[in-house]
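A structural walkthrough
Single-letter residue listing:
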Amino acid sequence: MTFTQLEVFVTLARAGSFSRAATLLGITQSAVSHAIRALERELGVPLFVRDRAVPELTPAGARLLARAHEIRTLHEALIQDAKDAQGLREGVLRIASFGSTSSLRILPDLLARFRQLHPGIEVYIDEEADDTVVRWLTERRVEIGFVVLPDERFETLPLVQDEFVAVLPEAHPLARKASVTPADLNELPFVLPEAGCGDLIQAILDRAQARPRILYRFPQLLSILGFVERGLAVSVAARLALPDDPPGVVYRPLSPRVPRRVGLAVRDAAKLSPAARAFMQVARQMYGGRRQAADRAPAMPVGTCAMPART
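Residues numbered from 1 in each chain as written. Predicted model: local features only at pLDDT ≥ 70, side-chain atom pairs only at ≥ 80, totals over all residues. Heavy atoms only, no water.

Here's the deal with the overall build of the protein chain
- For the protein chain, the count of helices and strands is 10 helices and 11 strands.
- Burial status across the protein chain gives 48% buried among its 311 residues.
- Restricting the contact set of the protein chain to residue pairs at least 6 apart, pairs at least 24 apart contribute 75%.
- Accessible surface for the protein chain amounts to roughly 15,100 Å². Of this, 51% is attributable to carbon and sulfur atoms. (Helix = DSSP H or I, 4+ residues; strand = E, 2+ residues; numbered from the N terminus. Buried < 20%, exposed > 50% of the residue type's maximum accessible area, 1.4 Å probe, protein only. Contact = heavy atoms within 4.5 Å. Areas by Shrake-Rupley, 256 points an atom, 1.4 Å probe, with all protein chains shown as cover.)

Let's talk about the packing of aromatic side chains
- Going through the model one piece at a time under the given rule, you end up with 5 aromatic pairs.
- Pairing Phe 114 with Phe 279 gives two aromatic rings, centres 5.3 Å apart and planes at 65 degrees, and the pair type is edge-to-face. Of this pair, Phe 114 sits in helix H6 (residues 107-117) while Phe 279 sits in helix H10 (residues 274-287); the two residues are 165 residues apart in sequence, bridging distant segments of the chain. Neither residue differs from the other here; Phe 114 and Phe 279 are each classed as buried.
- A centroid spacing of 4.8 Å and a plane angle of 70 degrees characterise the contact between Tyr 216 and Phe 227, whose relative ring orientation is edge-to-face. With Tyr 216 in strand S8 (residues 213-218) and Phe 227 in helix H9 (residues 221-229), this pair connects stretches of sequence that are 11 residues apart. (Phe/Tyr/Trp six-rings, centres within 6.5 Å; stacked < 30°, edge-to-face > 60°.)

Overview of the pattern of salt bridges
- Within this structure, the stated rule accounts for 10 salt bridges.
- The shortest N-O distance in the salt bridge between Asp 151 and Arg 153 comes to 2.7 Å.
- A relative accessible area of 9% means that Asp 151 is categorised as buried.
- Note on Arg 153: relative accessible area 56%, which makes it exposed.
- A salt bridge links Glu 163 to Arg 257; its shortest N-O distance comes to 2.5 Å. Taken together, the residues span a long stretch of sequence, with Glu 163 in strand S6 (residues 155-169) and Arg 257 in the loop between strand S10 (249-253) and strand S11 (259-266) at a distance of 94 residues. (Salt bridge = Lys/Arg side-chain N within 4 Å of Asp/Glu carboxyl O.)

Structural notes on the confidence of the model for the protein chain
- Chain-level statistics for the protein chain give a pLDDT mean of 86 and a share of 89% at 70 or above.
- The least confident element of the protein chain is helix H4 (residues 59-85), whose mean pLDDT is 77; the most confident is S10, at 97.
- Confidence drops under pLDDT 50 across residues 289-304; counting only partners more than four residues distant or on other chains, this segment forms 33 contacts.
- Under a pLDDT of 50 for its full length, residues 306-311 has, in the predicted model, 23 contacts with residues more than four places off or in other chains. (pLDDT = per-residue confidence, 0-100.)

Here we look at the pairing of strand S9 (residues 234-238)
- Summarising burial for S9: 5 of the 5 residues are buried, a large majority.
- Neither face of S9 is left uncovered, since the one carrying Val 234, Val 236 and Ala 238 and the one carrying Ser 235 and Ala 237 both have all their residues buried.
- As paired elements, S6 and S9 share 4 bridges and run antiparallel to each other. Pairing of Phe 164 across the sheet is with Ala 238, part of S9.
- Of the pairings in the sheet, the one linking strand S7 (residues 189-193) to S9 comprises 2 bridges and is parallel in character. For Phe 190, the partnering residue across the bridge sits in S9 and is Val 234. (Pairing = 2+ DSSP bridges.)

Some thoughts on the nonpolar core
- If you look at the biggest cluster of nonpolar residues, it comprises 39 residues, and the most contacted ones within it are Leu 93, Ile 144, Phe 146, Leu 159, Leu 264 and Phe 279.
- Of all the secondary-structure elements, those providing two or more residues to this core are strand S3 (91-97), H6, strand S4 (121-127), helix H7 (130-139), strand S5 (144-149), S6, S11 and H10.
- The greatest single-element share of this core, amounting to 8 residues, is contributed by H10.
- Core analysis: the second largest hydrophobic core is formed by 23 residues, Leu 188, Val 236, Val 250 and Val 258 among them. (Core = buried A, V, L, I, M, F, W, Y, C linked by side-chain atoms within 4.5 Å.)

Looking at the environment of Gly 61
- Along the chain, Gly 61 turns up in helix H4.
- For Gly 61, a relative accessible area of 0% puts it in the buried group.
- Sequence separation between Gly 61 and Phe 48 is 13 residues, and the spatial gap between their C-alpha atoms is 6.5 Å.
- Setting aside its immediate chain neighbours within four residues, Gly 61 contacts Phe 9, Pro 46 and Leu 47.

Points about the environment of Thr 181
- Summarising the element assignment, Thr 181 is placed in the loop between S6 and S7.
- When its relative accessible area of 28% is taken as the criterion, Thr 181 is described as partly exposed.
- As a C-alpha pair, Thr 181 and Pro 253 span 72 residues in sequence and 8.5 Å in three-dimensional space.

Here we look at helix H1 (residues 3-15)
- Taking 1.5 Å of rise per residue, 13 residues should cover 18 Å, and H1 covers 18 Å from first to last C-alpha, within 8% of that figure.
- Along H1, the residues that are buried comprise Gln 5, Leu 6, Val 8, Phe 9, Val 10, Thr 11, Leu 12 and Ala 15.
- A positive phi of about 80 degrees marks Gly 16, the residue just after H1. (Expected span 1.5 Å × (residues − 1).)

Remarks on unusual backbone geometry
- Each neighbour pair has its own omega, and for Leu 149 with Pro 150 the value is 0 degrees, a cis peptide bond.
- Assignment of secondary structure puts Pro 150 in the loop between S5 and S6.
- Residue Ser 255 is joined to Pro 256 through a cis peptide bond whose omega torsion reads 0 degrees.
- Within the element layout of this structure, Pro 256 appears in the loop between S10 and S11.
- Within the chain, Arg 140 stands out as a residue other than glycine whose phi angle is a positive 65 degrees.
- As for its position among the elements, Arg 140 is in the loop between H7 and S5.
- Overall, Arg 140 belongs to the buried group, its relative accessible area being 16%.
- The phi dihedral of Asp 245 falls on the positive side, at around 50 degrees, and the residue is not glycine.
- Looking at where Asp 245 falls in the secondary structure, it is placed in the loop between S9 and S10.

Put into structure tokens, the structure is as follows:
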């Protein structure tokens, strides 16, 4: 078994096709097939089902993929440690983000600062729903992931405070209020986000015994804002997931306020690669001690919430 074979295995599982995996790896499609067959012969089990249009992991392949991610991460960390000892600043860092809150509000400035300090580090960022980010962290597919806090499964670094807001048409009577209670939404046509925060928003409504008419369930933020702008419905979402000043739409804080904290998570800070340690240090320097208005809000239960990236 070679590290190259494991890299081909991981890439094919992510890419979903031999041709795309070959493109990502910069090798031929036949080389991808050869590497997978050689790995399967050595392991003694098939890793993919090939009699379909898209190769799918076998049950054994799915189990071994988590180990492959772990070995690849440790291999990259070993190489980075060796280069760091030589005074070199090279390496690879893999980060998982969960949507516009992290990808648009936090990562651009953080990544720009990190590149200034460590231009030789190649950073890969994949964006997925928050539950997928947690799974990737657990599988060591990524070293660092954005999560909603608290999350006792990982070592975490708080970054920003957020809160949930009512999303209203600009001409709606509720838009004239300074804040909106969940009960104010009773009987109103409602869009329930179908991304990571849908269950949490439903819980907020249930706790207040609020009963809006949930007519629409959309995973895309753009669709939600479009329906609200046209006066077809109201909604609730995390403020940092929303764009500033969308036409025809206003945001009003919920009363009582419902805060949300977002931060970085790692499995074991003591085992991070030099690149990951450097990234966490930059995050501490940029966001350490930073607080937003939600800090002053009364504590209420919070949970995961991620608006999808394709908006």
